[in-house]
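Below, each chain spelled out in residue letters.
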Amino acid sequence: MSASSVFPMCVRASRGLTRGLSRNLPPAVDLLRTLSTEKPPTGATGGATGGLAQAILQQQSQGQPPPSDGGQREKEGEQGEDKKQKENTAYAKKMVLRLAGIMGLGGAVGIVYIFGTNSVDEQGNQIPDEFDRDPPVVQQLKRTYKYFKDYRQMIIEPTSPKLLPDPLKEPYYQPPYTLVLELTDVLLHPEWSLSTGWRFKKRPGIDYLFQQLAPLYEIVIFTAETGMTAYPLIDSIDPQGFVMYRLFRDATRYMEGHHVKDVSCLNRDSSKVILVDCTREAFSLQPFNGMALKKWDGNSEDRTLYDLANFLKTIALSGVDDVRSVLENYALEDDPIEAFKRRQAQLAQEEEQRLTELSQQKKQGLSLGSIASRFWRSKQQ
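Along every chain, residues carry numbers that run from 1 in the direction the sequence is written. Residues qualify for local features only when their pLDDT is at least 70, as the model is predicted, and side-chain atom pairs are given and counted only at 80 or more; totals for whole chains, interfaces and linings, by contrast, use all residues. Only heavy atoms go into the side-chain values, all of them from the structure, while hydrogens and water stay out.

Within an unreviewed UniProt entry, the label attached to the chain reads Mitochondrial import inner membrane translocase subunit TIM50, and the organism entered is Salarias fasciatus. Here the chain is described in UniProt, under the heading Function (unreviewed entry), as follows: "Essential component of the TIM23 complex, a complex that mediates the translocation of transit peptide-containing proteins across the mitochondrial inner membrane." UniProt positions are given in the numbering used here, feature names are shortened, and annotations may be inferred rather than shown by experiment. A UniProt comment under Sequence similarities (unreviewed entry) is attached to the chain, and it reads "Belongs to the TIM50 family."

Visitor: I tried to follow the overall build of the chain on my own but got confused; where do I start?
Guide: Only DSSP runs of H or I reaching four residues or more are called helices, and only runs of E reaching two or more are called strands; each is numbered from the N terminus. The helix and strand inventory of the chain stands at ten helices and nine strands. Relative accessibility thresholds used throughout: buried, under 20% of the residue-type maximum; exposed, over 50%; partly exposed, between the two (1.4 Å probe, protein chains only). A burial count over the chain gives 27% of its 381 residues as buried. Here, two residues are considered to be in contact whenever any of their heavy atoms come within 4.5 Å of each other. For the chain, long-range pairs separated by at least 24 residues make up 66% of all intrachain contacts whose partners lie at least 6 apart in sequence. Working note: accessible area of the chain is about 26,300 Å², and carbon and sulfur atoms make up 56% of it. Only the protein chains shown count as covering a residue, and every accessible area follows the Shrake-Rupley method with a 1.4 Å probe.

Visitor: Even after reading the chapter, I still don't get helix α8 (residues 304–317), so can you show me in this structure?
Guide: An α-helix turns once per 3.6 residues; consequently, residues spaced three or four apart project the same way. Between the first and last residue of a helix there are one fewer steps than residues, each counted as 1.5 Å, and that sum is the expected span. In a regular helix each residue adds 1.5 Å, so 14 residues correspond to 20 Å; α8 covers 20 Å between its end C-alpha atoms and thus fits that length. Buried within α8 we find Thr304, Leu305, Asp307, Leu308, Ala309, Phe311, Leu312, Ile315 and Ala316. Downstream of α8 by one or two residues, Gly319 has phi in the positive range, about 65 degrees.

Visitor: I keep staring at the UniProt feature "transmembrane region" (unreviewed entry) in the chain and nothing clicks. Help me out?
Guide: This chain's UniProt record puts "transmembrane region" (unreviewed entry) on residues 95–116. Annotated as residues 95–116, this span is 95% helix and 0% strand, and its ends, taken at the C-alpha atoms, are 31 Å apart.

Visitor: Any chance you could explain the side chain of Asp262 here in plain terms?
Guide: One can find Asp262 in the loop between β7 (258–260) and β8 (273–277). Polar contact is defined as a pair of N or O atoms within 3.5 Å, subject to the rule that within protein one atom must be able to donate a hydrogen and the other to accept it, and that residues adjacent in sequence are counted only when both atoms are side-chain atoms. Among the polar contacts made by the side chain of Asp262, one reaches the side chain of Arg253 at a distance of 2.9 Å.

Visitor: Would you mind going over the pattern of salt bridges with me for this structure?
Guide: Opposite charge on two side chains lets them pair, provided their charged atoms get close. We count a salt bridge whenever a side-chain nitrogen from Lys or Arg sits within 4 Å of a carboxyl oxygen from Asp or Glu. With the rule as written, the count across this model stands at 17 salt bridges. Put simply, Asp132 and Arg143 hold a salt bridge, and the shortest N to O gap is 2.9 Å. One end of the pair, Asp132, is in the loop between α4 (70–115) and α5 (136–156); the other, Arg143, is in helix α5, and eleven residues separate them in sequence. On the basis of relative accessible area, Arg143 is assigned to the buried category, the value being 6%. Between Glu182 and Lys261 there is a salt bridge, and its shortest N-O distance comes to 2.5 Å. Placement of the pair is Glu182 in the loop between β1 (177–181) and β2 (188–193) and Lys261 in the loop between β7 and β8, with a sequence separation of 79 residues.

Visitor: Any chance you could explain the pairing of strand β3 (residues 197–202) here in plain terms?
Guide: The two faces of a sheet get side chains in turn, since along a regular strand they alternate between them. For β2 and β3, the ladder comprises six bridges, and the chain directions are antiparallel. Bridging from a neighbouring strand, His189 pairs with Lys201 of β3. Following DSSP output, two strands are said to pair if at least two bridges run between them. Here β2 folds back onto β3, and the loop between the two strands holds three residues.

This is the structure:
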């Protein structure tokens, strides 16, 4: 093989190797290769090309990207995509708002149509009311407004101005006093767990309370719970039927976020009614008819109901004409039962001291009498 034939082959091999390596070279090296293959301008020397290549390599070593139009195009593409995404999001929000508005309008029209129509009797005939003379649309709106107004009033006001029936008359026995008890945190403690759900723990002393007070008090459970929740709970704690009446949340008066129990709606003499709850807001309308016990936390050693039974039994056996005069003395106490026990102990101590003094006086009187009798006998002799 001659030298003339070997040289073209070497040139072709070197060009192929250059193309293969150029695919894996970084942009700066690729740019250097391109610049090195271009023809220098007239009058330029190799030193200028070498200086430019050296500047590019130095720029890359310092972490600065080489000047290229690809990054600018990529940045403009990203900005365009962001703008398009924002436009799509705004359009989706606008469509959702329109759909919600259409659904809300349709729901409002349906409510007016359902609740604004005349009531019907058993035969399906419409019952006339005071809105029949108004235009049809006005009739619908006024009936709907009246329905929701009555519904709100039903929630706020008690279901009846007389929550209990009239007192029993002869020959039936009517206890002289009425005891109104809250269920939650007074007689029962609610507990919840993930495995069992809601459970209610029975407070110690419930049976003793009912047995001791049933002959003296008309026992009424008046709770802020709903009837569906409270009714089976009352059955479980009162199997013997000491509780004469049951009142639930719909019988309360809703005021400032609290379910208030209005004693004036019980159809009983307020001077003979005692209401026991764990919050003072429950009897805020008649503050001297109520006792606010501390909330029971589920402690099995609790003795509050035993002490409460003794307190209420003392009031009833004393024949108090107006229980408010007694409960007023405990209105400011944080724990009226503890205050009652403290006062009872003080009265017992005072009574014991009085009896001691009386016995001492009797002894002194006897001693003086014996001395006088001896003196009289000696004088006669």
